[in-house]
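Close look at the chain arrangement
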Amino acid sequence: MSKILIVEDEESIAELEKDYLELSGFQVETEKQGDTGLKRALEEDFDLVILDLMLPGVDGFEICKKVRETKNIPILMVSAKKDDIDKIRGLGMGADDYMTKPFSPSELVARVKAHLARYQRLVNSNVKENDIVEIRGIKIDKTARRVWINGEEKNFTTKEFDLLTFLAENPNHVFTKEELFREIWDMESIGDIATVTVHIKKIREKIEFDTAKPQYIETIWGVGYRFKV
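Residues numbered from 1 in each chain as written. Predicted model: local features only at pLDDT ≥ 70, side-chain atom pairs only at ≥ 80, totals over all residues. Heavy atoms only, no water.

Labelled according to an unreviewed UniProt entry, the protein appears under the name Stage 0 sporulation protein A homolog, originating from Jingyaoa shaoxingensis. As recorded by UniProt, the Function (unreviewed entry) comment attached to the protein reads in full: "May play the central regulatory role in sporulation. It may be an element of the effector pathway responsible for the activation of sporulation genes in response to nutritional stress. Spo0A may act in concert with spo0H (a sigma factor) to control the expression of some genes that are critical to the sporulation process." (UniProt positions renumbered as here; feature names shortened; annotations may be inferred.)

A few words now on the overall build of the protein. Helix and strand counts for the protein come out as 8 helices and 12 strands. On the principal axes, the C-alpha backbone points of the protein span a range of 85 × 35 × 25 Å. Evaluated residue by residue, the protein yields a buried proportion of 40% over its 229 residues. Look at the contacts in the protein between residues 6 or more apart in sequence, and 54% of them connect residues 24 or more apart. Carbon and sulfur atoms provide 49% of the accessible area of the protein, an area that totals close to 12900 Å². If the 35 positive side-chain charges of the protein are averaged to one point and the 44 negative ones to another, these points end up 5 Å apart. (Helix = DSSP H or I, 4+ residues; strand = E, 2+ residues; numbered from the N terminus. Buried < 20%, exposed > 50% of the residue type's maximum accessible area, 1.4 Å probe, protein only. Contact = heavy atoms within 4.5 Å. Areas by Shrake-Rupley, 256 points an atom, 1.4 Å probe, with all protein chains shown as cover. Lys, Arg positive; Asp, Glu negative; His and termini not counted. Charge placed at Lys NZ, Arg CZ, Asp CG, Glu CD.)

A few words on helix 3 (residues 60–70). Residues of helix 3 that are buried: G60, F61, I63, C64, V67 and R68. Projected onto a plane normal to the axis of helix 3, the buried residues spread over an arc of 160° and lie on a single side. Residues of helix 3 that are exposed and angled more than 90 degrees away from the buried face: E69 and T70. Its buried side turned inward, helix 3 meets strand 1 (3–7), helix 2 (34–43), strand 3 (48–52), strand 4 (75–79) and helix 4 (84–92). Between the side-chain oxygen of the N-cap and the backbone nitrogen of F61 there are 3.1 Å, and the N-cap of helix 3 in question is D59. (Arc of directions from axis to C-beta. Polar contact = N/O pair within 3.5 Å; in protein donor to acceptor, adjacent residues only side chain to side chain.)

Before going further, it helps to examine unusual backbone geometry. K101 connects to P102 through a cis peptide bond whose omega is -10°. Within the secondary structure, P102 sits in the loop between strand 5 (97–100) and helix 5 (105–126).

Another aspect to go through is the packing of helix 2 against helix 3. Helix 3 packs onto helix 2 with a crossing angle of 10° between their chain directions and a minimal axis gap of 10 Å. Overall, the two elements helix 2 and helix 3 adopt an arrangement that is roughly parallel. Of the residues in helix 3, those in contact with G34, L38, A41 and L42 of helix 2 are I63, K66, V67 and T70. A per-class count over the contact of helix 2 with helix 3 returns 5 nonpolar, 2 polar and 1 charged. (Axes fitted to C-alpha atoms, helices over the stretch in contact; angles between N-to-C directions. Parallel < 35°, antiparallel > 145°, perpendicular 65-115°, else oblique. Nonpolar A, V, L, I, M, F, W, Y, C, P; charged D, E, K, R; others polar.)

A few words now on the packing of aromatic side chains. Considering all chains together, one arrives at 3 aromatic pairs under this definition. Ring geometry for F166 and F175: centres 4.8 Å apart, planes at 55°, overall tilted. The exposure class of F166 is buried, given its relative accessible area of 14%. F175 gets classed as buried once you look at its relative accessible area, which sits at 8%. A ring pair is formed by Y216 and F227, whose centres lie 6.0 Å apart and whose planes are at 35°; its orientation type is tilted. Taken together, the residues Y216 in the loop between helix 8 (194–207) and strand 11 (217–220) and F227 in strand 12 (residues 224–227) connect sequence positions 11 residues apart. Above the plane of the ring of F46 lies K3, whose end atom (NZ or CZ) is 4.9 Å from the centre. The cationic tip of K139 hangs over the ring face of W148; the distance from NZ or CZ to the ring centre is 5.3 Å. (Phe/Tyr/Trp six-rings, centres within 6.5 Å; stacked < 30°, edge-to-face > 60°. Lys NZ or Arg CZ within 6 Å of the ring centre and 35° of its normal.)

A separate point is the pattern of salt bridges. A pair can form between side chains of opposite charge whenever their charged atoms are brought close. Scanning the entire structure with this criterion turns up 22 salt bridges. Among the charged side chains, a salt-bridge network with shared partners connects K3, E29, E31, R40 and E44. (Salt bridge = Lys/Arg side-chain N within 4 Å of Asp/Glu carboxyl O.)

Turning our eyes to something else, we now look at the sheet that holds strand 7 (residues 138–141). Two pairing modes exist for strands in a sheet, parallel and antiparallel, and in both the strands are linked by backbone hydrogen bonds. The 4 strands are arranged 6-7-8-9 in an open sheet whose pairing can be described as antiparallel. Looking along the sheet, the strands with just one partner apiece sit at the ends: strand 6 (132–135) and strand 9 (152–154). For this sheet, the mean angle separating the axes of adjacent strands, direction not counted, is 20°. Direction of pairing for strand 8 (residues 146–149) relative to strand 9: antiparallel, over a ladder of 3 bridges. Bridge assignment links I149 to a residue of strand 9, and that residue is E152. (Pairing = 2+ DSSP bridges.)

And the structure:
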């Protein structure tokens, strides 16, 4: 349910707007004072703000300016002032719409719905999906660096995660210990490649049902390891 803040000093207008919006399924809060309205708009999580221009304490222009400095939520300005200069000023400060009183409550609801829908599309278009690798019950979230085995989250060290992810992204490919050491530890194979064996053992303990008969990471004797799909 979208949450809306109405900052309006005329109580009858605020209640009328609130009633129509609540009937349309919105959660609505009202404030009469500009300063308290500004404080709530900045500190609380509202999806849209409806601002009257002429307010005690802080006017609608200043509220719009301050909110827009930190938030991209839709802002609708409402006012009895019909002058184009006020509309231009309000829109120039970041308001998304400007309605002149008196107006139909149903028109307000329609505009609120339109702005919220547009904002939601914008937000969704900017959300990047996490990079996920899924193989036979193993889900690896590369973005969040989290791993689930048959729906149960398991904790992996940094190198365990990197090694598991590398093997899972290169299924059915046999890698030598030297290749894995060079790839994951970014060092030449003159290092202690036994660390690869240790990490494979730790990974198997977390992903395999039976470590004696691994179903995911196979040992290819005399060569190295393979992630089987």
